[in-house]
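Spelled out, the chains give:
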Amino acid sequence: MKSNKIFSIVLGVLLLSPACVMAQHKPSSRIGWKTYEAANGQIIKVNMATVWHSGILTCVTAEIVNVDVVPQPMFFHCDHHPLYFMYNSSSEWQYAPPRSIAGLIGRDVCVKR
């Protein structure tokens with residue numbers, strides 16, 4: 001049973017990746033972007049217009065200011081509590097504490113479902 005759930009999550013990431021990456025290419029538009037600032041000064045901008053829901057996964061494009069040249073997809077497992085996220089489809093699922101930047105972004109994008 002657990003392997004079926006893992007398979008569906010992996011399949012969801014593979015199916016969502018192209019749609020999320022395609023949605024990020026709005027070159028001149030910064031409307032809909034929300035800025036999050038961490039305690040260490042790191043700034044992450046999220047394009048709220050690209051929130052994409054597919055079953056158990058939610059995708060949004062985000063960029064770490066002064067690090068990312070092109071916005072990267074950020075995936076959330078919104079039906080799972082505690083909330084887990086994956087930045088860029090090549091990373092592993094990570095716990096998103098509620099008061100962390102990932103937790104705040106996840107709260108905002110998962111609420112839009």
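Residues numbered from 1 in each chain as written. Predicted model: local features only at pLDDT ≥ 70, side-chain atom pairs only at ≥ 80, totals over all residues. Heavy atoms only, no water.

Student: Would you explain the overall build of the protein in this entry?
Tutor: Counting its regular elements, the protein contains 2 helices and 6 strands. Counting across all 113 residues of the protein, residues that qualify as buried make up 41%. Within the protein, counting contacts between residues at least 6 apart in sequence, those at least 24 apart form 39% of the total. Of the accessible surface of the protein, which amounts to about 6,800 Å², a share of 61% is contributed by carbon and sulfur atoms. (Helix = DSSP H or I, 4+ residues; strand = E, 2+ residues; numbered from the N terminus. Buried < 20%, exposed > 50% of the residue type's maximum accessible area, 1.4 Å probe, protein only. Contact = heavy atoms within 4.5 Å. Areas by Shrake-Rupley, 256 points an atom, 1.4 Å probe, with all protein chains shown as cover.)

Student: Help me understand the state of the cysteines in this model?
Tutor: Applying the stated criterion to the full structure yields 1 disulfide. The disulfide that involves Cys 78 links it to Cys 110, with 1.9 Å between the sulfurs. Its S-S torsion of about -75 degrees marks the bond between Cys 78 and Cys 110 as left-handed, since a negative value means left-handed. Taken together, the residues span a long stretch of sequence, with Cys 78 in the loop between strand 4 (72-77) and strand 5 (84-87) and Cys 110 in helix 2 (residues 101-111) at a distance of 32 residues. (Disulfide = S-S within 2.5 Å.)

Student: Help me out: how do you make sense of the confidence of the model for the protein in this one?
Tutor: Low pLDDT means the predicted coordinates in that region are not meant to be read closely. Averaged over every residue, the pLDDT of the protein is 75; the share at 70 or more is 71%. Low pLDDT, under 50, characterises residues 21-29; the stretch is placed with 9 contacts to residues that sit more than four places away or in other chains. (pLDDT = per-residue confidence, 0-100.)

Student: Explain helix 2 to me, please; I cannot follow it from the model alone.
Tutor: The periodicity of an α-helix, 3.6 residues per turn, causes residues three or four places apart in sequence to face the same way. Within helix 2, 8 of the 11 residues are buried, which leaves the element mostly enclosed by the surrounding structure. Those residues of helix 2 that sit buried are Ile 101, Ala 102, Gly 103, Ile 105, Gly 106, Asp 108, Val 109 and Cys 110. Along its buried surface, helix 2 packs onto strand 1 (33-37), strand 2 (43-54), strand 3 (57-64), strand 4 and strand 5.

Student: Is there a simple way to explain the pairing of strand 1 in this structure?
Tutor: Looking down a regular strand, the side chains alternate between one sheet face and the other. Taken together, the 5 bridges between strand 1 and strand 2 define a ladder with antiparallel strand orientation. Bridge assignment links Tyr 36 to a residue of strand 2, and that residue is Ile 44. Two successive antiparallel strands, strand 1 and strand 2, enclose a turn made up of 5 residues, where Gly 41 displays a positive phi of approximately 95 degrees. (Pairing = 2+ DSSP bridges.)

Student: Can you walk me through the side chain of Thr 58 in this structure?
Tutor: On the secondary structure map, Thr 58 appears in strand 3. By relative accessible area, Thr 58 is classed as buried at 0%. A distance of 2.9 Å separates polar atoms of two side chains, one belonging to Thr 58 and the other to His 53. (Polar contact = N/O pair within 3.5 Å; in protein donor to acceptor, adjacent residues only side chain to side chain.)

Student: Hey, could you run me through unusual backbone geometry in this one?
Tutor: Among all residues except glycine, the phi angle is most often negative; among peptide bonds, the trans geometry is most common. The backbone phi angle of Asn 66 is positive, close to 70 degrees, even though this residue is not glycine. Considering the arrangement of structural elements, one finds Asn 66 in the loop between strand 3 and strand 4.

Student: Explain the sheet that holds strand 3 here, please?
Tutor: Strand pairing within a sheet occurs via backbone hydrogen bonds; the two strands may be parallel or antiparallel. Spatial ordering of the open sheet is given by 1-2-3-4-5-6, a layout of 6 strands whose pairing is antiparallel. The sheet terminates laterally at strand 1 and strand 6 (94-95), the two strands that pair on one side only. With 2 bridges connecting them, strand 5 and strand 6 associate as antiparallel partners. Looking across to strand 6, one finds that Tyr 84 is bridged to Tyr 95.

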